[in-house]
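Residues per chain are reported as follows:
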Amino acid sequence: MKIIVLLKRVPDTEAKILINSEGSGINEEGVKFIINTYDEYAIEEGLKLKENVGGDSTVTVVCMGPEESTEIIRTALAMGADNAIHICDAALDNPTPDMTATLLAKAIKNNGFDIIFCGKQGIDYDMAQTQAFLAEKLDIPQVNIISEFAISDDNKKAFLVRSIEGADEKVEADLPVIISCNKGLNEPRYASLPGIMKAKRKEIKKLTLTDLDSSGVPAEKDSTIIKWLSLPKSGECKIIEGEDFGEKVVELARLLREEAKVL
Amino acid sequence: MNYQLNEEEKMLQKTAADFANKSLAAVAVESNEKGEFQDDIYKQLGKLGFLGMTVPEKYGGVDFGNFCLALSIEQISRVCASTAVAISVHNSLTNWVILNFGSAETREKYLPLLASGEVLGAYALTESNAGSDIGAIQTSAVREGDNYILNGSKLFVSTGDKAGVVIVFARTDTENRKRGLSAFVVEPDFPGFSVGKPEKKMGLKASSTVELVFEDCVVPVANLLAEEGKGMLIALSALDGGRIGIASQALGIGQAALDEAVKFARGRVQFGRKIIDFQSTKWKIAEMATKLEASRLLVYNAARLRDSGDISTKHVSMAKLFATRAVNEIVYDSLQIHGGVGYTSEFLIERLFRDARALEIYEGTSEVQKLVISREVIKEYDRILPD
Ligand SMILES: Cc1cc2nc3c(=O)[nH]c(=O)nc-3n(C[C@H](O)[C@H](O)[C@H](O)COP(=O)(O)OP(=O)(O)OC[C@H]3O[C@@H](n4cnc5c(N)ncnc54)[C@H](O)[C@@H]3O)c2cc1C
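Residues numbered from 1 in each chain as written. Chains lettered and ligands numbered in written order. Predicted model: local features only at pLDDT ≥ 70, side-chain atom pairs only at ≥ 80, totals over all residues. Heavy atoms only, no water.

## Overview of the overall build of chain A
Working step 1: Scanning chain A for helices and strands turns up 7 helices and 11 strands.
Working step 2: Its C-alpha atoms put chain A at 80 × 45 × 40 Å along the principal axes.
Working step 3: In chain A, buried positions account for 44% of the 263 residues.
Working step 4: Considering only intrachain contacts with a sequence separation of at least 6, the fraction spanning at least 24 residues in chain A is 70%.
Working step 5: Put simply, chain A shows about 14900 Å² of open surface, and 50% of that area lies on carbon and sulfur atoms.
Working step 6: Of the side-chain charges in chain A, 32 are positive and 45 negative, and the distance between the mean point of each set is 3 Å. (Helix = DSSP H or I, 4+ residues; strand = E, 2+ residues; numbered from the N terminus. Buried < 20%, exposed > 50% of the residue type's maximum accessible area, 1.4 Å probe, protein only. Contact = heavy atoms within 4.5 Å. Areas by Shrake-Rupley, 256 points an atom, 1.4 Å probe, with all protein chains shown as cover. Lys, Arg positive; Asp, Glu negative; His and termini not counted. Charge placed at Lys NZ, Arg CZ, Asp CG, Glu CD.)

Listed below in structure tokens is the structure:
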């Protein structure tokens, strides 16, 4: 079985995000980048499926992103993925989900696939669109935000649970299928030391736009980020001190009228 | 600063940090409060490969070397220094001694068990009358046919009651103080082996420190390491590696103490100002961070030197002396920044403060490190200066 796992490099959840002075993006200085948190569940589920199905199953991680993404790709390989495809081209400038999915689809088709796991969304832009576009491009079903996964004995059907507000939804889908993973699906494993040793020798296939033939990639962005704005600073909380309740109310009314100017 | 870590070293550091922050952090507070040794944590560490870090692949290890071991111990110590004690002893004392002084048979028998974490290792050197002065060891080993018969007792053996393999130093020659010592691989189910009383320690409470008693303990001749009389050499050469481990513990505890100090000082308000805005706090932070950075450079350099095969005794002792002193100053200042709450077990600094204290004592006190360093330095001068 050919298992594909999608991987994205995103700023650390703990990083403080600051907008750069031109308002054209984030200030990356001192920001640590990590595997998109939800993608970790996707890797784990892919590895578990491989262990479960056995035979000559392979887990291939596919990542589109800057040169520096090698670091997270190696981590996925150290966790146990067999090989990787890295789509990396300097010409790629903040591609839209449509563009990303078109390129991913080409690479995945060339590689072959039976099932695709990804995170339910990137924790950077929070758009959760790439998997939907990708399902369209590959013409396969998609099941999103899953919290349980199982496969039929003949490996042809996936049994899934989606936790929705107040209920669980049970879904069956025919393979090939793309599945986006949610927290709670599993407990991602650590990259073990023997895994790290082995990862050194595993293949990362680098693909540029020319390698992939970019026909079909939308020439224009369907949406563009015009400007990044910092959040307004939340105001300081003022506590009115005093013993006399009446005086405090008078002071509150004064502040609301004269300082906050809301009365 | 990235300390020139390569991709693998970064990945290993990340695994150690992730493990510390998730799996270990989940149990660290409780096991330190209750003084419980976390068997399960060591099982997990074994599976991940952290218990065979200086053991070649053919014996089931991963052979990442001393530098990577230092990085791992540093990360683990940030969260639980007790856990790091066992990791350090296991890798750089027990495994290392068997790898370097065990016969082919001994290596094949014990290293795969140790490297996988199936059993833990301990190292029994200290006795009631032999601490810094290991030449005073009294535990005796007398050859009888195919066995040695051991009699005596060892104190302060870390992981002694949990270990499946203990390196025991005993006297095979009563005449020769220095060349009369020998080292043995002892299993707890050898007849005559028993565990004595546990120490009631000030800190490192989730690590276990016990007395071991040998009463006509029968050890097969095959379990003698190297040959009779090599005990002192084995003990001292292993400690070179062990001391890097202890110095790495200082880095982890120091980092945690600095982290805690800054976090606390940013939140605490007195006299209408955050205490981090007082110059006295800033100066403490500057001193703590600088001491930590200097320690890290010394420790990393010593570990890299040992990996490269260069003679590193002086550098290792310098790293241990400096880093373990520095961490005690760092925890002192961090606790001071915390004020009264820092003296309560509500705050992590209270545990860090207690744990740090042992570092200047075990695997050679600070005074012993100074003996080693001065001996090496003076020797260097003797070589170049006229008599
Ligand atoms: C938590 C913990 C874990 C331990 N784990 C182990 C273990 O796993 N295995 C093991 O074998 N041991 C272990 N030890 C023992 C430890 O290694 C010894 O405590 C240490 O070597 C010091 O020996 P001592 O306590 O007998 O002190 P002593 O040697 O009696 O020293 C007392 C004081 O005298 C000073 N001193 C001694 N000789 C000199 C000298 N020549 N010049 C100047 N000053 C000197 C020392 O520096 C020290 O300040 C552990 C100890 C602790 C606290």
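## Observations concerning unusual backbone geometry
Working step 1: Cis geometry marks the peptide bond from Leu175(A) to Pro176(A), where omega comes out at -5°.
Working step 2: On the secondary structure map, Pro176(A) appears in the loop between strand E9 (167–174) and strand E10 (177–181).
Working step 3: The phi dihedral of Asp63(B) is positive, around 45°, even though this residue is not glycine.
Working step 4: Looking at the element boundaries, Asp63(B) is found in the loop between helix H2 (39–48) and helix H3 (66–79).
Working step 5: Judged by its relative accessible area of 43%, Asp63(B) falls in the partly exposed class.

## Comments concerning the interface of chain A and chain B
Working step 1: Each partner contributes to the interface: chain A provides 15 residues, whereas chain B provides 20 residues.
Working step 2: When chain A packs against chain B, the two sides together hide about 1600 Å² of surface, and 66% of this comes from carbon and sulfur.
Working step 3: On the chain A side of the interface with chain B, the three residues burying the most area are Tyr190(A), Leu193(A) and Ile196(A), jointly 47% of the side's total.
Working step 4: Run the count over chain A and chain B and you get 2 salt bridges.
Working step 5: One salt bridge connects Lys200(A) with Glu8(B), and the closest N-O pair in it is separated by 3.4 Å. (Buried area = accessible area lost by both parts, 1.4 Å probe. Salt bridge = Lys/Arg side-chain N within 4 Å of Asp/Glu carboxyl O.)

## Digging into the pattern of salt bridges
Working step 1: Taken as a whole and judged by the stated rule, the model has 34 salt bridges over all chains.
Working step 2: Overlapping salt bridges bring together Glu287(B), Lys291(B), Arg325(B), Glu329(B) and Glu360(B) as one network.

## Considering the site of the ligand
All names here are of chain B.
Working step 1: By nearness alone, 16 residues border the ligand, and Tyr 123, Thr 126, Ser 132, Phe 156 and Thr 365 come closest of all.
Working step 2: Here Thr 126 contributes a side-chain N or O atom positioned 2.7 Å from a nitrogen atom of the ligand.
Working step 3: In the model, an oxygen atom of the ligand is placed 2.6 Å from a nitrogen or oxygen of the Ser 132 side chain.
Working step 4: In the complex, 63% of the free accessible area of the ligand, which totals 970 Å², lies under the protein chains. (Near = heavy atom within 4 Å. Polar contact = N/O pair within 3.5 Å; in protein donor to acceptor, adjacent residues only side chain to side chain.)

## Quick word on the sheet that holds strand E11 (residues 204–207) of chain A
All names here are of chain A.
Working step 1: With respect to topology, 9 strands assemble into an open sheet ordered E9-E8-E7-E10-E6-E1-E4-E5-E11, the strand pairing being mixed. Strands with a single pairing partner mark the edges of an open sheet, and in this sheet they are E9 and E11. Within this sheet the neighbouring strands show an average axis-to-axis angle of 35°, counted without direction.
Working step 2: Sheet analysis places strand E5 (residues 83–87) next to E11, joined by 4 bridges and oriented parallel. Each residue of the ladder has a partner; that of Ile 87, found in E11, is Leu 207.
Working step 3: Running at roughly 150° to strand E6 (residues 115–119), helix H1 (residues 37–53) makes contact with strand E1 (2–7), strand E4 (58–64), E6, strand E7 (142–151) and E10 of the sheet. (Pairing = 2+ DSSP bridges. Axes fitted to C-alpha atoms, helices over the stretch in contact; angles between N-to-C directions.)

## Focus on the packing of aromatic side chains
Residue and element names in this part refer to chain B.
Working step 1: Here the structure, examined in full by the defined rule, presents 12 aromatic pairs over all chains.
Working step 2: A centroid spacing of 5.1 Å and a plane angle of 70° characterise the contact between Tyr 123 and Phe 169, whose relative ring orientation is edge-to-face. Separated by 46 residues along the polypeptide, Tyr 123 in strand E1 (residues 120–124) and Phe 169 in strand E4 (residues 163–171) bring together distant segments of the chain. We note that Tyr 123, like Phe 169, is buried.
Working step 3: Centre to centre, the rings of Phe 264 and Phe 347 are 5.7 Å apart; their planes meet at 85°, and the pair counts as edge-to-face. Here Phe 264 is found in helix H6 (residues 231–267), whereas its partner Phe 347 is found in the loop between helix H8 (313–338) and helix H9 (348–357), with 83 residues between them in sequence.
Working step 4: Residue Phe 264 is classed as buried on the basis of its relative accessible area of 16%.
Working step 5: By relative accessible area, Phe 347 is classed as partly exposed at 28%.
Working step 6: An aromatic cluster of at least three residues, connected via ring pairs, comprises Tyr 3, Phe 67 and Tyr 300.
Working step 7: Above the plane of the ring of Phe 67 lies Arg 304, whose end atom (NZ or CZ) is 3.7 Å from the centre.
Working step 8: Between the NZ or CZ atom of Arg 306 and the centre of the ring of Trp 96, over which it lies, the distance is 4.6 Å. (Phe/Tyr/Trp six-rings, centres within 6.5 Å; stacked < 30°, edge-to-face > 60°. Lys NZ or Arg CZ within 6 Å of the ring centre and 35° of its normal.)

## A few points about the side chain of Asp39(A)
Residue and element names in this part refer to chain A.
Working step 1: If you trace the backbone, Asp 39 turns up in helix H1.
Working step 2: Among buried Asp, Glu, Lys and Arg side chains, Asp 39 stands out as unpaired, with Lys 8 the closest opposite charge at 8.0 Å.
Working step 3: Here Gly 119 takes part through its backbone nitrogen, which lies 3.1 Å from a polar atom of the side chain of Asp 39.
Working step 4: Setting aside its immediate chain neighbours within four residues, Asp 39 contacts Leu 6, Leu 7, Lys 8, Cys 118 and Gly 119.

## With respect to a nonpolar patch on the surface
Working step 1: Together, Tyr125(A), Met127(A) and Ile225(A) make up an exposed nonpolar region whose accessible area comes to about 270 Å².
Working step 2: Structurally, Tyr125(A) is set in the loop between E6 and helix H4 (130–138). (Patch = residues over 30% accessible without salt bridge, like charges linked within 9 Å, V, L, I, M, F, W, Y side chains within 5 Å.)

## Examining the domain arrangement of chain B
All names here are of chain B.
Working step 1: You can read the domains of chain B as domain 1 (7–119), domain 2 (122–227) and domain 3 (233–384).
Working step 2: Its C-alpha centre places domain 1 at a distance of 22 Å from the equivalent point of domain 2.
Working step 3: On the domain 2 side, the residues contacting the 24 residues of domain 1 number 20 residues.
Working step 4: Counting the contacts that link domain 1 with domain 2 gives 1 salt bridge.
Working step 5: Across the pair Glu 187 and Lys 109 runs a salt bridge, and its minimum N-O distance is 3.5 Å.
Working step 6: Linking domain 1 with domain 2 are 7 residue pairs in polar contact (both at pLDDT 80 or more), by the criterion used here.
Working step 7: The set of elements that each furnish at least two residues to the side of domain 1 that touches domain 2 consists of helix H1 (7–34), helix H4 (81–101) and helix H5 (104–115).
Working step 8: Among the elements that make up the side of domain 1 that touches domain 2, the one with the highest residue count is H4 (10 residues).
Working step 9: Residues of the side of domain 1 that touches domain 2, tallied by class, amount to 13 nonpolar, 7 polar and 4 charged. (Domains from an automatic or database assignment. Nonpolar A, V, L, I, M, F, W, Y, C, P; charged D, E, K, R; others polar.)

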